[in-house]
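Below, each chain spelled out in residue letters.
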Amino acid sequence: MKLARALLQTPRVVGVGLVASILGGLGVAGCFVDSEGLPPPAEGFYFPTGLATSPGGRVLYVANSDFDLRYNGGTVQALDLQRLRKRALALQGALTPREAGEGAGGAVSAACQAVGLSTNPAPLLHPGPCAPLDLSALEGDEEVVRGSAVLGAFASNVLLVHRPLLGELADSAADAPQARLFVPVRGDPSVTFFDLADDRLDAPDAQRCSGDSCFRLDCGAAAAGGRCGRDHRIGEDPGQGLIRRKLPLEPLGIAAGPDGTSVVVSHQTEDIVSVIANPWEQGKRPQLAAVLPDLALGPTELAAVPRPRLITEVKAAKQEIDYQPAFALTFIAAPQLGLIRYQEPLEGAPALLYQSPTTPITALTSGTDNRGIAVDARERQACEVGCGACEGDCGEVEERERHYACLAQCAAIPLQVFVAHRFPNSLLIGEVTTTLVENDAADPAKPETTWAAAYETLSISDAVPLAAYPSRVEVGEVIGADNERHRRIFAIAFDSGRVFSYDPEARGFDPVISTGRGPQALAFDTGHTCGDEKERCDCAPGSDGCEPYSLMYIAHFTDSYLGVVDLDMRKNTSGTMILTVGTPVPPRESQ
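No experiment lies behind these values; they were computed from the predicted model shown.

Here's the deal with the overall build of the protein
Phase 1 of the analysis: For the protein, the helix and strand inventory stands at 6 helices and 33 strands.
Phase 2 of the analysis: Relative to all contacts within the protein whose residues are 6 or more apart in sequence, the contacts with residues 24 or more apart total 63%.

As structure tokens, this is what we get:
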């Protein structure tokens, strides 16, 4: 029965005879032997399924799945995002507004030549003005793929987490891990993890990477570009892990809780979720900590529910409050959403995963077949930033009381939730609400201890129509005509080759973004640049040389390449793919 469900959820890519992924899963993993076959390409892409950008704007991480088992494994690559950004923004500038007609073709040709490319010979295969950027031909200061490693087949996603810069976890040895990348691999099955360098602009100088160190991919491989070691494959060894068992089959969705210390994974054909404990202390490795079986049919994608800042500060002050991190979960074969909670191991007791009451989907006649999910906390977080010190003269107790009262008001602001739903094809819109439970009797000398517990509830209230078969949902930003950053919800439609940009304030869509075949994953590079190298800078908006930008990267599963979309609404290239990264490779059945 589970095998039948897995086959039913994987529609064919039309015209190529290949069973392909549409966020419900990448098909049945089957057998995989990592010692047989050709080594996978280090500089090209092959059925990419996951993308993540580093917070400092230096690295774009790409997971390739080796979906047709042509090679002896998939890969994870570290791309030089600064070099890609420089080329994309140069092309954006060269494609200046022009009159339609005779001169348009010449202007496009000149723009492509300005960045070392010819005009696009196959616009039906990959949209955009120029020919693909051949990664294998780039060397020296032009090289884009700066690091790679080999892992098992059928990677389904990527998750990037960082050690907190504040609090207890920030205190660490210089050589302790500062960041980790987690990749669910269905062929092992495992969750393979990589220790990474830290490129955050606000990280201490001693911890921030520079040069080649920013592209390090440490997964226990014997040499750079080699195969990841067994000790970096969580749950593959039955003797590994806090609960002494293997990881369940078909790891798919993945999300991280507060501080990156808990990583929850969905297992679609097993109707299970698992949790990985991720300690940041030097010498400690992530380990399987608990599983939660007997869920509704087809748990699919996960999104972490950001913790209110009030909870963070109360815990940092060593005050007691009952709160478990929550994760929103979709189901492919059940008309509901779930909230999964993780309780860290208490003294003498194991870690625990449990499910809160589920949320039925009643906004549509059919509530089944839900795929991607995203949670947006920006309105609440903007409120929390404003909870500073009190104005005028006030004592320490009064200042603390006002500060916590302000954070409590912010915690009452609901978080928005967006879900990709099929049959009918829709973007579901809902809320996550945090409830604070007060103590019966608070200590007047410690007003911040008035809360005994906090918990979240999830609801769906609206739906807007989308094109055929939406799969993933991500929250990103565009640059508006006012030079400011504005939030958008981006929904991928795998089958129809479209990305929809939804404006939650205007409650409407921007022009639809046309992609190539099989858009699978998104990542965003948004910020300010300063200088000719187009480095991301923490500069003052409006100052000389400080220019806002926003680019979106799309992993095209079917033809194995990345597309770069301009999200600057001030430009005539806005909402279009301006650069193709990597040479498109049609599936072998269609060649």
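What follows continues from the structure just given.
Digging into the state of the cysteines
Phase 1 of the analysis: Across all of its chains, the model carries 7 disulfides by this definition.
Phase 2 of the analysis: Here C530 engages in a disulfide with C537; their sulfurs sit 1.9 Å apart. On the sign convention where negative is left-handed, the bridge of C530 and C537, at about -90° about the S-S bond, is left-handed.
Phase 3 of the analysis: The class of C537 is buried, set by a relative accessible area of 15%.

Section: the sheet that holds strand β29 (residues 519–530)
Phase 1 of the analysis: Taken together, 5 strands build an open sheet; the order of strands is β30-β29-β31-β32-β33 and the sheet is antiparallel. Here the strands that pair on one side only, and so sit at the sheet edges, are β30 (535–536) and β33 (577–581).
Phase 2 of the analysis: Here strand β32 (residues 561–566) pairs with β33 via 4 bridges, running antiparallel. Residue pairing in the sheet places V565 in a bridge with M577 of β33.

Concerning the packing of helix α5 (residues 378–385) against helix α6 (residues 396–411)
To describe two helices that pack against each other, one gives the angle between their axes and the distance between the axes.
Phase 1 of the analysis: Running from amino to carboxyl end, α5 crosses α6 at an angle of 170°, the nearest separation of the two axes being 9 Å. Accordingly, the angle class assigned to the pair α5 and α6 is roughly antiparallel. For the pair formed by α5 and α6, the contact residues are R380, C383 and E384 on the first element and L407, C410 and A411 on the second.
Phase 2 of the analysis: For the contact of α5 with α6, the class distribution of residues is 4 nonpolar, no polar and 2 charged.

Comments concerning the pattern of salt bridges
Phase 1 of the analysis: Per the stated rule, a full pass over the model turns up 28 salt bridges.
Phase 2 of the analysis: With a shortest N-O distance of 2.7 Å, R87 and E142 are connected by a salt bridge. With R87 in helix α2 (residues 81–94) and E142 in the loop between α3 (102–114) and β6 (145–151), this pair connects stretches of sequence that are 55 residues apart.
Phase 3 of the analysis: Taking the relative accessible area as the measure of exposure, R87 reaches 14% and is therefore buried.
Phase 4 of the analysis: Judged by relative accessible area, which is 43%, E142 ranks as partly exposed.
Phase 5 of the analysis: Note that D510 and R488 form a salt bridge whose closest N and O atoms lie 2.6 Å from each other. Here R488 lies in strand β25 (residues 485–493) and D510 lies in the loop between β27 (508–509) and β28 (513–514), a separation of 22 residues in the sequence. Considered together, D510 and R488 belong to a single accessibility category, that of buried residues.
Phase 6 of the analysis: Among the charged side chains, a network of salt bridges with common partners joins D376, R378, E477, R485 and R487.

Brief notes about unusual backbone geometry
Phase 1 of the analysis: The omega angle of the peptide bond from D188 to P189 is -10°, so this bond is cis rather than trans.
Phase 2 of the analysis: Position of P189 among the secondary structure elements: in the loop between β8 (179–185) and β9 (190–196).
Phase 3 of the analysis: At the junction of F423 and P424, the peptide bond is cis and its omega measures out at 0° in the coordinates.
Phase 4 of the analysis: The phi dihedral of D259 falls on the positive side, at around 65°, and the residue is not glycine.
Phase 5 of the analysis: Position of D259 relative to the elements: it lies in the loop between β11 (251–256) and β12 (262–267).

Notes on helix α4 (residues 309–316)
Residues spaced three or four apart along an α-helix face the same direction, because each turn holds 3.6 residues.
Phase 1 of the analysis: Among the residues of α4, L310, I311 and V314 are the ones counted as buried. Down the axis of α4, the buried set is contained in an arc of 95°. They therefore lie on one face.
Phase 2 of the analysis: Among the structural elements, α6, β22 (426–438) and β23 (451–465) are those in contact with the buried residues of α4.
Phase 3 of the analysis: Within two residues after α4, K318 carries a phi angle of roughly 65°, on the positive side.

Points about the sheet that holds strand β13 (residues 272–277)
Phase 1 of the analysis: Here we have 4 strands laid out as an open sheet, ordered β11-β12-β13-β14, and antiparallel in their pairing. One side of each edge strand has no neighbouring strand; the edge strands of this open sheet are β11 and β14 (287–292). Put simply, the sheet's adjacent strands are angled 25° from each other on average, direction ignored.
Phase 2 of the analysis: Pairing between β11 and β12: 4 bridges, direction antiparallel. Pairing of I254 across the sheet is with V265, part of β12.

What about the nonpolar core?
In a soluble, globular protein the nonpolar side chains are often hidden away together inside.
Phase 1 of the analysis: Counting residues in each nonpolar core, the largest one holds 33 residues, and the members touching the most others are L51, L60, L79 and L562.
Phase 2 of the analysis: At the level of elements, β4 (59–64), α2, α3, β29, β31 (547–556), β32 and β33 are the ones that each hand at least two residues to this core.
Phase 3 of the analysis: Take this core: its biggest share by element is 5 residues, from α2.
Phase 4 of the analysis: Residues in contact with L60, not counting those within four places in the same chain, are L51, A52, T53, Q77, A78, L79, L81, L84, A523, Y553 and L562.
Phase 5 of the analysis: In this structure, V59, A63, L181 and V185 belong to the second largest nonpolar core, which totals 23 residues.

Considering the confidence of the model for the protein
Phase 1 of the analysis: In the predicted model, the protein carries a mean pLDDT of 87, and 86% of its residues have values of at least 70.
Phase 2 of the analysis: Ignoring residues within four places in sequence, the model shows residues 1–30, a span with pLDDT below 50, making 84 contacts including any to other chains.
Phase 3 of the analysis: pLDDT under 50 marks residues 99–103. Its contacts with residues more than four places away, or in other chains, come to 1 contact.

Criteria and cut-off values
- Sequence order as written defines the numbering, with residues in each chain counted from 1.
- It should be noted that, the model being predicted, local features are given only for residues of pLDDT at least 70 and side-chain atom pairs only at 80 or more, the latter also being counted only at that level, while totals for whole chains, interfaces and linings use all residues.
- Values shown for side chains rest on all heavy atoms present in the structure; no hydrogens or waters enter the calculation.
- Each helix is a run of DSSP H or I of at least 4 residues and each strand a run of E of at least 2, with the numbering of both proceeding from the N terminus.
- Whether two residues are in contact is decided by their heavy atoms: any pair within 4.5 Å suffices.
- Cysteine sulfur atoms that come within 2.5 Å of each other are treated as a disulfide pair.
- When a residue's accessible area, from a 1.4 Å probe over protein chains only, is under 20% of the maximum for its type it is buried; when over 50% it is exposed; and in between it is partly exposed.
- In this analysis, strands are considered paired if DSSP registers two or more bridges between them.
- Axes here refer to lines fitted to C-alpha atoms; in helices the fit is confined to the stretch in contact. Angles between the N-to-C directions go from 0 to 180 degrees.
- Angles below 35 degrees are treated as roughly parallel, those above 145 as roughly antiparallel, those between 65 and 115 as roughly perpendicular, and all remaining angles as oblique.
- Amino acid classes used here: Ala, Val, Leu, Ile, Met, Phe, Trp, Tyr, Cys and Pro are nonpolar; Asp, Glu, Lys and Arg are charged; the rest, including Gly, are polar.
- We count a salt bridge whenever a side-chain nitrogen from Lys or Arg sits within 4 Å of a carboxyl oxygen from Asp or Glu.
- Think of it as the arc spanned by the lines of direction from the helix axis to the C-beta atoms.
- In this description, a nonpolar core means a group of buried Ala, Val, Leu, Ile, Met, Phe, Trp, Tyr and Cys residues linked to one another through side-chain atoms lying within 4.5 Å.
- Per-residue confidence from the prediction method is given by pLDDT, with values spanning 0 to 100.

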